[in-house]
Amino acid sequence: MAATVLNDAQLELLRMMSIFNTPEAVTDLKQAISNFFAQKAEEEIDKLWEDGILTDARIESFRSLHERTEYK
């Protein structure tokens, strides 16, 4: 079995985990991580909007978008 090599960020998170010893603390951490990624997604969407890649017309086109996998 191959060894897993963790990067510095992963190691730091593991070190930080030692202080989370209650379910409430873990829930708070999950919420903080969720908020972080939600903020990053919002920043990217704002950038797409400012660059003109995302527009009202583009969003409206999603209403008729069908990308389901066709099964036979």
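Residues numbered from 1 in each chain as written. Predicted model: local features only at pLDDT ≥ 70, side-chain atom pairs only at ≥ 80, totals over all residues. Heavy atoms only, no water.

**Q** Any chance you could explain the overall build of the chain here in plain terms?
**A** The secondary structure content of the chain amounts to 3 helices and 0 strands. Element order for the chain, N to C, with α for helix and β for strand: α-α-α. Relative to its length of 72 residues, the chain is extended, with a C-alpha radius of gyration of 20 Å against a globular reference of 11 Å. Referenced to the eigenvectors of the C-alpha coordinate spread, the extents of the chain come out at roughly 50 × 40 × 25 Å. Of the roughly 7,100 Å² of accessible surface on the chain, 57% is carried by carbon and sulfur atoms. Counting 8 positive and 14 negative side-chain charges, the chain places the averaged centre of each group 8 Å from the other. (Helix = DSSP H or I, 4+ residues; strand = E, 2+ residues; numbered from the N terminus. Rg over C-alpha atoms; globule rule 2.2 N^0.38 Å. Areas by Shrake-Rupley, 256 points an atom, 1.4 Å probe, with all protein chains shown as cover. Lys, Arg positive; Asp, Glu negative; His and termini not counted. Charge placed at Lys NZ, Arg CZ, Asp CG, Glu CD.)

**Q** Would you explain the confidence of the model for the chain in this entry?
**A** Interpretation of the predicted coordinates at a detailed level should be avoided for regions scoring low in pLDDT. Per-chain confidence: the chain averages 91 in pLDDT, with 100% of residues scoring 70 or above. The secondary structure element of the chain with the lowest average pLDDT is helix α1 (residues 8-17), at 90, and the one with the highest is helix α2 (residues 23-50), at 95. (pLDDT = per-residue confidence, 0-100.)

**Q** Before we go on, may I ask you to explain the pattern of salt bridges in this structure?
**A** Working definition: two side chains of opposite charge can pair if their charged atoms are close together. Scanning the model with the defined rule gives 4 salt bridges in all. Taking the shortest distance from any N to any O, the salt bridge between Glu12 and Arg15 comes out at 3.3 Å. Here the residue Glu12 and the residue Arg15 both occupy positions in helix α1, the gap between them amounting to 3 residues, near one helical turn. Under the relative-accessibility criterion, Glu12 is labelled partly exposed at 37%. (Salt bridge = Lys/Arg side-chain N within 4 Å of Asp/Glu carboxyl O. Buried < 20%, exposed > 50% of the residue type's maximum accessible area, 1.4 Å probe, protein only.)

**Q** What is the right way to read α2 from this model?
**A** An α-helical segment advances 3.6 residues per turn. Residues three or four places apart therefore align on the same side. For α2, with 28 residues, the first-to-last C-alpha span of 41 Å sits near the 40 Å given by 1.5 Å per residue. Among the residues trailing α2, Gly52 stands out with phi positive, at a value near 80 degrees. (Expected span 1.5 Å × (residues − 1).)

**Q** Could you clarify how one ought to interpret a nonpolar patch on the surface in this entry?
**A** Among the surface-exposed residues, Leu6, Leu11, Leu13, Leu14, Met16 and Met17 lie close enough to one another that they form a single nonpolar patch of about 470 Å² accessible area. Take Leu14: it is sitting in helix α1. Judged by its relative accessible area of 51%, Leu14 falls in the exposed class. (Patch = residues over 30% accessible without salt bridge, like charges linked within 9 Å, V, L, I, M, F, W, Y side chains within 5 Å.)

**Q** Which parts of the structure should I look at to understand the packing of aromatic side chains?
**A** Each aromatic ring pair is summarised here by two numbers: the centre-to-centre distance and the angle between the ring planes. Taken as a whole and judged by the stated rule, the model has 1 aromatic pair. Measuring from ring centre to ring centre gives 5.1 Å for Phe36 and Phe37, while their planes differ by 80 degrees; the resulting arrangement is edge-to-face. (Phe/Tyr/Trp six-rings, centres within 6.5 Å; stacked < 30°, edge-to-face > 60°.)

**Q** It is not clear to me how the environment of Tyr71 should be interpreted in this structure. Could you clarify?
**A** Looking at where Tyr71 falls in the secondary structure, it is placed in the segment after α3 (56-61). In sequence terms Tyr71 and Thr27 are 44 residues apart; their C-alpha atoms lie 39 Å from each other.

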